[in-house]
Amino acid sequence: MSTPSFDLIDVIRTIQKQKRTIIIITLVAVGLGGIFFAVKKKKYKAASHFLVNNPLYGDRQTLFRSFETRYVDYFGGDDDLDKVTALLNSDTVRERIIRNCQFQVVYNADINTEKGHAFLMSVFDKNFNVKRSEYKDIEVSYIAYDSVTAANVANMAVKVTEEVYRHYYTATKEGMAASIRNQVHQLDSSINLLTDSLANMRDRHNVYALISPSRQNINTSDMKGGGKGYGRAIEEIQNVESVKDQLVMDRAHYISVLNEFSASSGSSMEYLKVISRAHPPTGPSGTALNMVLIVAGCIGMFFSTLLVLILAYYRKLMAVPR
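Predicted, not measured: the structure shown is a model, and the values here were computed from it.

Definitions and limits used
Residues numbered from 1 in each chain as written. Predicted model: local features only at pLDDT ≥ 70, side-chain atom pairs only at ≥ 80, totals over all residues. Heavy atoms only, no water. Pairing = 2+ DSSP bridges. Helix = DSSP H or I, 4+ residues; strand = E, 2+ residues; numbered from the N terminus. Phe/Tyr/Trp six-rings, centres within 6.5 Å; stacked < 30°, edge-to-face > 60°. Buried < 20%, exposed > 50% of the residue type's maximum accessible area, 1.4 Å probe, protein only. Axes fitted to C-alpha atoms, helices over the stretch in contact; angles between N-to-C directions. Parallel < 35°, antiparallel > 145°, perpendicular 65-115°, else oblique. Left-handed = near helix turned anticlockwise from the far one by under 90°. Nonpolar A, V, L, I, M, F, W, Y, C, P; charged D, E, K, R; others polar. Salt bridge = Lys/Arg side-chain N within 4 Å of Asp/Glu carboxyl O.

> What am I meant to see in the pairing of strand E2 (residues 128-132) here?
Each regular strand carries side chains that alternate between the two faces of the sheet. Here five bridges tie E2 to strand E3 (residues 137-144), and the two strands are oriented antiparallel to one another. Looking at E3, one finds that Arg132 is bridged to Ile138. Connecting E2 to the antiparallel partner E3 that follows it, the hairpin turn spans four residues, and Lys136 within it adopts a positive phi of roughly 65°.

> What's the story with the packing of aromatic side chains in this structure? I'm lost.
Aromatic ring pairs: the centre-centre distance and the angle between the two ring planes describe each pair. Inspection of the entire model under this criterion finds ten aromatic pairs. Measuring from ring centre to ring centre gives 4.7 Å for Phe124 and Phe128, while their planes differ by 20°; the resulting arrangement is stacked. In this structure, Phe124 and Phe128 share a single accessibility class: buried. Grouped by ring-pair contacts, the aromatic residues Phe103, Tyr107, Phe124, Phe128 and Tyr142 constitute a single cluster.

> Mind showing me how you'd approach the packing of helix H8 (residues 147-205) against helix H9 (residues 230-264) here?
When two helices pack together, their arrangement is given by the angle between their axes and by how far apart the axes lie. At a minimum axis distance of 8 Å, the contact between H8 and H9 shows a crossing angle of 155°. Taken together, the axis directions place H8 and H9 in an arrangement best described as roughly antiparallel. Crossing handedness for the pair H8 and H9: left-handed. In the contact of H8 with H9, the residues fall into 21 nonpolar, five polar and nine charged.

> Help me out: how do you make sense of the pattern of salt bridges in this one?
Any two side chains of opposite charge can pair if their charged atoms end up close together. Going through the model one piece at a time under the given rule, you end up with nine salt bridges. When the shortest N-O distance is used, the salt bridge between Arg132 and Asp82 registers 2.5 Å. A residue pair is termed long-range when its members are at least 10 positions apart, and Arg132 in strand E2 and Asp82 in helix H4 (residues 78-88) qualify at 50 residues. On the basis of relative accessibility, which here comes to 37%, the residue Asp82 falls in the partly exposed class. Measuring nitrogen to oxygen at the nearest pair gives 2.5 Å for the salt bridge that ties Asp125 to Arg94. Of this pair, Asp125 sits in helix H7 (residues 114-127) while Arg94 is found in helix H5 (residues 91-100), placing the two residues 31 residues apart along the sequence.

So, in C-alpha cells, the structure goes:
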C-alpha cells in the first residue's frame, strides 16, 4: 500500500476550497483579539529623565580655591552614574518610594507585614525600570493601572534618589563639621583657662605689655617694673601667652574650615538635575488596537490554514483502501 501524495497543488486546491472557513476563523480571531483588547485592563507608563551633577563641584576644595585652579566638570562621570544606578536598584530607595507613594493604599496590601511587604516589592520590581543612555542621562519609568500613580512613582523615584545620593556626601561633611565643632568647644575652654591665668599673672606682677614671642612686630620697650621674681614672671607670661596665641589661631582656622563645610553641605546645591518630569500619560502603554487586530488575524489565518490542510490530508489518507 502506497502513501497518498499531498503536494503543493493539493495544498493550493485545499486552501481555495476551504477559503471561506479560513476567512471565518480569521475574522473570529480578529474579533477575539478586539474583545481581549477591550476587556484587558489598561496600563499607563510614565518616565522621568535626569542628569547627574558632579558632586566634586560642590566640594569644599572646589568652592574655596586658594592656591590652584583645577577644572571640574559640571556633569558627573560614569562612576557617578553607576552610584546613582546602584541606589535606584537598592531596596532602601525602593522601599522609601513604596512608602512615600502609598502603595499599601494603591495595591491594597499591608506593607508592615512580611507577606504584604514582599508583594509590594515584587510589584514595584516588575513595573519599575531604569535606563541609561549614551548621552549620560538616566530614565526612570513606572507602569501602573492609573496614569497619575505612574507619574507620581517616577517623580518620587528621582526625588528619593537625590535625597539619598545627597546624604551620602553631606553626611560625611556634617560628621567632619561636628568633629571640628567639638574641637572648637574644647579650645574655648582651654583659651578661657589660659586667659584667666594670664590675667592673674599680669595683675600680680603689674606686667601689661605684649611680650608673647609668637607675635610679630611687637614693641617691648615699655616694659616697666622690677624686683625679685619679676624676670621669672616675664618668662612665665611669655610661655603661657605663646600657647594661648597658638590656640587662638587654631580656633580661628577651625571656625573657617567649619564654615566651609557648612557652605558645601547646604541644601541649595543640586546633585541630580531633572530635565524631563514625568506627567500622567494620556494614552495606555503597550500594543495598539490595530496591531493587536493584525496579529490576531495573522494567527487565526495561520492556524486555520494549517487546520484545513491537516484535515484534508487526513481525509485523503482515510480514502485509501487498506
